[in-house]
Amino acid sequence: MIDGVEMRGVTVDDAAGLAGALARNRAYMAPYEPRRPEEFYTEAGQRERIGALLADRDGGRLLPFVLVAGDTPVGAINLGSIALGPFRSGGVGYWVDRAWAGKGLATAALREVCRIARDEVGLHRIEAGTLVDNVASQRVLAKVGFERFGLAPRYLHIDGAWRDHRLFQLLLHDNPPDGV
Ligand SMILES: CC(C)(COP(=O)(O)OP(=O)(O)OC[C@H]1O[C@@H](n2cnc3c(N)ncnc32)[C@H](O)[C@@H]1OP(=O)(O)O)[C@@H](O)C(=O)NCCC(=O)NCCS
């Protein structure tokens, strides 16, 4: 990770800090995010959301991480949609506080999540989707080695409309699934 920032698993104790960071960055992130209800920006709303993330983690479907400077969340990255069997695939999503942008934080966090996906979860690939004009996120993916493989029309409901996304993947290794 970059100097002064740690990446660790999210906990319910992050709820107040995450609510503050998401509220501070609300206008900045709006073009890249689904529309959120007001409670999303409150400690109680984040407590409930983190509870759902941790239930998905316990079910083996998600690894949710927070990026913290001291005790203050400055970003987050989730490895979700984890599928095993012959697919062994996951999907990644991330954001970084505007005040910390351009310091290499998303790139470092994505590299670490890819390492965990390969070495600890044993995934074969990771997928990511970005808005067509999200050049910062596309640059992050390119720096980590992701390749563009498609364009999904009206893929996600972002900022009030179904929007086209560019799809990227990183192949992590070519080992067969366990036990085969
Ligand atoms: C995308 C995002 C996570 C990047 O975080 P970050 O910590 O600033 O990323 P990094 O510093 O690791 O790398 C950013 C790269 O994009 C480049 N970049 C940033 N804005 C850019 C722009 N408008 N045009 C071209 N390149 C741009 C930076 O120069 C840097 O590349 P470089 O290292 O070659 O100079 C952050 O901007 C963000 O949270 N955006 C809003 C939410 C979002 O888009 N999430 C991803 C959804 S797919």
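That block above? That's the structure.
Once a new chain begins, its residue numbering starts again from 1 and follows that chain's sequence as written. Under the rules for a predicted model, residues below a pLDDT of 70 receive no local features and side-chain atom pairs below 80 are neither given nor counted, while totals for whole chains, interfaces and linings still include all residues. Side-chain measures were taken over the full set of non-hydrogen atoms in the model, leaving aside hydrogen atoms and water.

Being near a molecule or strand, for a residue, means having at least one of its heavy atoms within 4 Å of it. Neighbouring the ligand are 21 residues, the closest being G102, G104, T107, R139 and K143. Counting of polar contacts relies on pairs of N or O atoms within 3.5 Å, with two restrictions inside protein: one atom must be capable of donating a hydrogen and the other of accepting it, and residues adjacent in sequence are counted only when both atoms are side-chain atoms. At a separation of 2.7 Å, an oxygen atom of the ligand approaches a polar backbone atom of G102. Here an oxygen atom of the ligand and a side-chain polar atom of T107 are 2.5 Å apart. Starting from 960 Å² of accessible surface for the ligand in isolation, the protein chains cover 69%. Numbering goes from the N terminus for both helices and strands, where a helix is a DSSP run of H or I of at least four residues and a strand is a run of E of at least two. The set of elements that each furnish at least two residues to the shell around the ligand consists of β4 (89-96), α4 (105-121), β5 (125-131) and α5 (135-144). Ranked by residue count, the leading element in the shell around the ligand is α5, at six residues. Note on areas: these come from Shrake-Rupley sampling with a 1.4 Å probe, and a residue is covered only by the protein chains present in the view.

Before going further, it helps to examine the sheet that holds strand β6 (residues 147-158). Strand pairing requires that DSSP identify at least two bridges connecting the strands. If you trace the seven strands from one edge of the open sheet to the other, you get β1-β2-β3-β4-β5-β7-β6, paired in mixed fashion. Edge positions in the sheet fall to β1 (6-9) and β6, since each has one partner strand and no second. Taken over all neighbouring pairs, the strand axes of this sheet differ in orientation by 30° on average, direction set aside. Bridge count between β5 and strand β7 (residues 161-171): seven bridges; the pairing is antiparallel. Pairing of I126 across the sheet is with L170, part of β7. Only heavy atoms matter for contacts: two residues are in contact if any of them lie within 4.5 Å across the pair. Throughout, an axis means a line fitted to C-alpha atoms (over the contacting stretch in the case of helices), and angles, computed between N-to-C directions, take values from 0 to 180 degrees. The strands touched by helix α1 (residues 15-24) are β2 (63-69), β3 (72-83) and β4; relative to β3, the strand with the most contacts, the crossing angle is about 100°. Sitting on the sheet, α4 touches β1, β2, β3, β4, β5 and β7, and the angle it makes with β3 is about 35°.

Purely geometric stuff here, so don't read any function into it on its own.
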